[in-house]
Amino acid sequence: MTEWSKITKVSESHAYLRDQIARMWHDGPALSLHIEEFRPAYDVEGRRRNGSVKGQGRFQWFFGRILLPIRNVVLTLVAMVSGGTPSAGFRSSKVSGPANSMAVGFADATRHEHQQYQVDWCWFVWTRNRSALIRVPKDEFRVETLWQGDGPMRPYVDPANRTLRWRDGSTVVIRLDAWETQQAAQLPPG
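Now for a quick tour of the structure. (Residues numbered from 1 in each chain as written. Predicted model: local features only at pLDDT ≥ 70, side-chain atom pairs only at ≥ 80, totals over all residues. Heavy atoms only, no water.)

1. Re the packing of aromatic side chains
Summed over the entire model, instances satisfying the criterion amount to nine aromatic pairs. Judged by centre distance (5.0 Å) and plane angle (75 degrees), the rings of phenylalanine 106 and tryptophan 147 are edge-to-face. Residue phenylalanine 106 is found in helix H3 (residues 102-108), and its partner tryptophan 147 is found in strand E6 (residues 144-150); the two are separated by 41 residues along the sequence. Connected via pairs of aromatic rings, a cluster forms that spans Phe106, Phe124, Trp126, Trp147 and Trp166. When the ring centre of tryptophan 25 is taken as reference, the NZ or CZ atom of arginine 130 above it lies at 5.1 Å. (Phe/Tyr/Trp six-rings, centres within 6.5 Å; stacked < 30°, edge-to-face > 60°. Helix = DSSP H or I, 4+ residues; strand = E, 2+ residues; numbered from the N terminus. Lys NZ or Arg CZ within 6 Å of the ring centre and 35° of its normal.)

Take a look at the structure:
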């Protein structure tokens, strides 16, 4: 099999990742979803849209509301002038549920990155008994587990709605390519 750093096709990345996760977890076949720039909008009681706790960090929140859009415009212009592609910079995922829900724990796993202009891509992987939100560096295959749910703590994957659903009623809507949505619909939910 090819080295991780030399894989350029998304389907090959999925195959490589699934094979490695199945070997690491010893829990049957592994399934995967590629989550680009996981930066969710929170629809959670007691949280601001960016995930911060209401009533805390008011000063940073206020100036962030002013400076973040300005920063995004400047960085987009710099990217365009230098020949790069600008990042969307928008929250394309959505977290909803009670303040202490499983989905909030999942989303909070990458919370320190939510305000950054560009964030690393994540993968959601699952087997029949385990699921995890992981990050794998582009240069070498080294799994960094950001969040893990085993047994009843893992979500049901609803590919038609591009949603992860937990038993407590909380959800995370994720942005997926049409190819991944179609692929996930053909796989057992785990």
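2. Let's talk about the sheet that holds strand E9 (residues 171-173)
Taken together, the five strands give an open sheet; going across it, the order is E2-E3-E9-E8-E7, and neighbouring strands pair in mixed fashion. Edge positions in the open sheet fall to strand E2 (40-44) and strand E7 (156-158), since each of these has one partner strand only. Here the strands of the sheet are splayed against their neighbours by 15 degrees on average, with no regard to which way each runs. (Pairing = 2+ DSSP bridges. Axes fitted to C-alpha atoms, helices over the stretch in contact; angles between N-to-C directions.)

3. Considerations on helix H1 (residues 10-25)
End to end, H1 covers 22 Å across 16 residues, agreeing with the expected 22 Å (1.5 Å per residue, within 8%). The complete set of buried residues in H1 reads Ser13, His14, Tyr16, Leu17, Arg18, Gln20, Ile21 and Trp25. (Expected span 1.5 Å × (residues − 1). Buried < 20%, exposed > 50% of the residue type's maximum accessible area, 1.4 Å probe, protein only.)

4. Concerning the sheet that holds strand E1 (residues 31-35)
If you walk across this open sheet you meet the four strands as E1-E4-E5-E6, and the pairing is antiparallel. The sheet terminates laterally at E1 and E6, the two strands that pair on one side only. Averaged over all pairs of adjacent strands, the angle between their axes in this sheet comes to 15 degrees, without regard to strand direction. In the packing of H1 onto the sheet, the strands contacted are E1, strand E4 (122-126) and strand E5 (130-135), and the crossing angle to E4 comes to about 50 degrees. (Contact = heavy atoms within 4.5 Å.)

5. A few points about the pattern of salt bridges
Using the criterion set out here, one finds eight salt bridges in the structure. Across the pair arginine 23 and aspartate 19 runs a salt bridge whose closest N-O atoms are separated by 3.1 Å. Of this pair, arginine 23 and aspartate 19 both sit in helix H1, four residues apart, which is roughly one turn of the helix. (Salt bridge = Lys/Arg side-chain N within 4 Å of Asp/Glu carboxyl O.)

6. Considerations on unusual backbone geometry
The backbone phi angle of histidine 26 is positive, close to 50 degrees, even though this residue is not glycine. With respect to the secondary-structure elements, histidine 26 resides in the loop between H1 and E1. Phi at arginine 162 takes a positive value of approximately 50 degrees, unusual for a residue other than glycine.

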